[in-house]
Structure formats: C-alpha cells, structure tokens
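Commentary on secondary and tertiary structure
Residue-level listing of the chains:
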Amino acid sequence: MDFTADNALPLYVQLTNQLRKEIENGTYRKNEKIPTELELCKKYKVSRITVRNALELLAKEHLLVRKQGLGTFVAGERFSRDISKGSSFTQICQENGQVPGGKVIKSVIESANADDIKELGLKEGDKVIVLERIRYADGVPVGFEISRFPERFSFLLNEDLNNVSLISLLSEKYNISFGRCPKVIELTFATYEISRYLEIENGYPLISISSLSCDMDGVPSHRSFQYVVGDKFSFYIK
C-alpha cells in the first residue's frame, strides 16, 4: 500500500491508521509479533522514521507492546480485576477466558527481614519461606509475584508450584484460607531482573500490588508482592 504526501494527514498518521485497521481486522493477531521496522518500511514504502513514529503512537494507545531484544507485538487482552476481592491470579485468568500458568523462579527458606518481623509478628532470627514465580496468561508472561510466609509454611517447599494456584492449594489441601486484606497499589517500573522475566524493556511501567494476608483467625500469614505489566490489567472496586 502506498501513502502519499497529497493526503492532508502526515505519513506517520496514515501508517498508524492503516496498522490500527489491520490489528482490528485480525491481519495482525493479539500477542503476535509484527514485522520489523525495516520490513514495514519495504511493505508500506515509507521511511524508517515514519514507521518508528507510527509504532510509538500505537504503543501509547496500548495496541502494541515493544519488547527489548524480541521485537514489537500486538497487545493481548487486558485483564479486568475487582481489587476488593481476594481473587487469585488463576481465578482472574479464568474469569477473563485465559489459561493461567506459573513458573517457579525461587523457593527457599531464609532469615526474616525487618519488615517480615514487623508485619508477620516474628522474632529476630526467625525464618521465612520465600517463593518467586512468573505468572502467564495463555503462555504470555504478564506478572511476577513474591510471596513470603512464616516458617510454619515450610511444607510449601515440597510442593510443585508450577502452574498451580497457591491460594487454591492452601485451601483445598491444607484447609488454610485467608480473609480480606488491605492492598497498596502503586505505579513502578521494571528492574532489569523483572524485565527479563516478563520479556519487556527495562524500566517498563508496572503496577505494584502489595498486601498482608491474615488467616481466618486473624493471624498474619502471608506477605505478597505482585508486579503486573501495566497495559495488561485494569482495576475496579465494587
């Protein structure tokens, strides 16, 4: 397709509109990698700066996601999450018609830090169970989570926590449930480590969700930190 300077719209806007149309009609499918900048230049007979400006505009519209070292992809579905509920990641995926997944990065016992001692009611020298997992939706990495438990949860070290709902496992196998808990939601940016896990650029916007869960007796039992790709989630409160 040829774009011309005769059109009242700048070339990069013409290309933006064309690419947006092709994304909407399924020429480029959700989560699919689109052609490289050079390939788009040849296909649409425009300069590289025109292509780059169009891609940046579509990225701002959250239609494209640029992944460092991997290329540019069509954005997937955004997750809708009611943060007033204690829904697990698995439940959120299922409610949004996605297949949940998880990969364990870290599963260890280590010394409690100052915040663990304060929030979990521990003593100096106590240990905590630390779990770190990448969370996937339809095979796409969308979140990174860190869970910190008192040492009485050491049985988790013997569990295969890949592709498992931790909340469901605790409830169904160990009869441990958590009540509603306050959450702190902040905008943050991907560290180098997290960007590698989530296949995004270093410094990419993330939504940070931290919480302290208590069991049904009101005993602090779980510190949780979730980092989700900013353009993958929308939050609401009922």
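Let me begin by describing the structure that accompanies this report. (Residues numbered from 1 in each chain as written. Predicted model: local features only at pLDDT ≥ 70, side-chain atom pairs only at ≥ 80, totals over all residues. Heavy atoms only, no water.)

**Considering the packing of helix α2 (residues 37-44) against helix α3 (residues 48-60)**
Helix packing for two helices is described by the angle between their axes and how far apart those axes are. At a minimum axis distance of 9 Å, the contact between α2 and α3 shows a crossing angle of 110 degrees. On the basis of their axis angle, the class for α2 and α3 is roughly perpendicular. Regarding α2 and α3, the two cross each other, and that crossing is right-handed. Touching Glu 37, Leu 40 and Cys 41 of α2 are Arg 48, Val 51, Arg 52 and Leu 55, all from α3. In terms of residue class, the contact of α2 with α3 is made up of four nonpolar, no polar and three charged. (Axes fitted to C-alpha atoms, helices over the stretch in contact; angles between N-to-C directions. Helix = DSSP H or I, 4+ residues; strand = E, 2+ residues; numbered from the N terminus. Parallel < 35°, antiparallel > 145°, perpendicular 65-115°, else oblique. Left-handed = near helix turned anticlockwise from the far one by under 90°. Contact = heavy atoms within 4.5 Å. Nonpolar A, V, L, I, M, F, W, Y, C, P; charged D, E, K, R; others polar.)

**Quick look at empty space enclosed by the protein**
All told, the structure shown has two cavities of 30 Å³ or more when counted by the stated rule. Each pocket or cavity is described by its volume, and for the largest cavity that value is around 60 Å³. For the largest cavity, the full set of lining residues is Phe 89, Arg 135, Gly 143, Phe 144, Glu 145, Gln 226, Tyr 227 and Val 228. At the level of secondary structure, the elements contributing two or more residues to the lining of the largest cavity comprise β6 (140-150) and β9 (220-229). Residue composition of the lining of the largest cavity, by class: four nonpolar, two polar and two charged. (1 Å grid on protein atoms, 1.4 Å probe; cavity = no way out; pocket = protein on both sides within 12 Å on 5 of 7 lines; lining within 4 Å. Points joined across faces, edges and corners; volume = space filled by probe spheres on them.)

**A word on α3**
Taking 1.5 Å of rise per residue, 13 residues should cover 18 Å, and α3 covers 18 Å from first to last C-alpha, within 8% of that figure. Of the surrounding elements, those touching the buried residues of α3 are α1 (11-24), α2, β1 (64-67) and β2 (71-74). At the exit of α3 stands His 62, carrying a positive phi of roughly 65 degrees. (Expected span 1.5 Å × (residues − 1).)

**Notes on the nonpolar core**
Most often, soluble globular proteins have nonpolar side chains that are buried together. With 22 residues, the main nonpolar core has Phe 144, Ile 194, Leu 198, Leu 206 and Tyr 227 as its most contacted residues. At the level of elements, α5 (114-120), β5 (127-137), β6, α7 (192-198) and β9 are the ones that each hand at least two residues to this core. Of all the elements, β5 adds the most residues to this core, at four residues. Counting 15 residues, the second-largest nonpolar core is a separate cluster that includes Tyr 28, Tyr 44, Val 46 and Leu 64. (Core = buried A, V, L, I, M, F, W, Y, C linked by side-chain atoms within 4.5 Å. Buried < 20%, exposed > 50% of the residue type's maximum accessible area, 1.4 Å probe, protein only.)

**Topic: the packing of α1 against α3**
Between α1 and α3, the shortest axis-to-axis distance is 8 Å and the interhelical angle comes to 55 degrees. As summarised for this structure, α1 and α3 are arranged oblique, according to the angle between their axes. Considering only the axes of α1 and α3, their crossing is right-handed. Across from Leu 11, Tyr 12, Leu 15, Thr 16, Leu 19 and Arg 20 in α1, the residues of α3 making contact are Thr 50, Val 51, Asn 53, Ala 54, Leu 55, Leu 57 and Leu 58. Looking at the contact of α1 with α3 residue by residue, the class counts come to nine nonpolar, three polar and one charged.

**A short note on the pattern of salt bridges**
Considering all chains together, one arrives at 14 salt bridges under this definition. Here Arg 52 and Glu 37 are joined by a salt bridge, their closest N and O atoms 2.8 Å apart. Here Arg 52, found in helix α3, pairs with Glu 37, found in helix α2; they are 15 residues apart in sequence, far enough to count as distant. The partly exposed category is assigned to Arg 52, whose relative accessible area is 33%. Here Glu 37 falls in the buried class, since its relative accessible area comes to 13%. In this structure, Arg 133 engages Glu 145 in a salt bridge whose closest nitrogen and oxygen atoms are separated by 2.7 Å. (Salt bridge = Lys/Arg side-chain N within 4 Å of Asp/Glu carboxyl O.)

Structural measurements only, silent on function.
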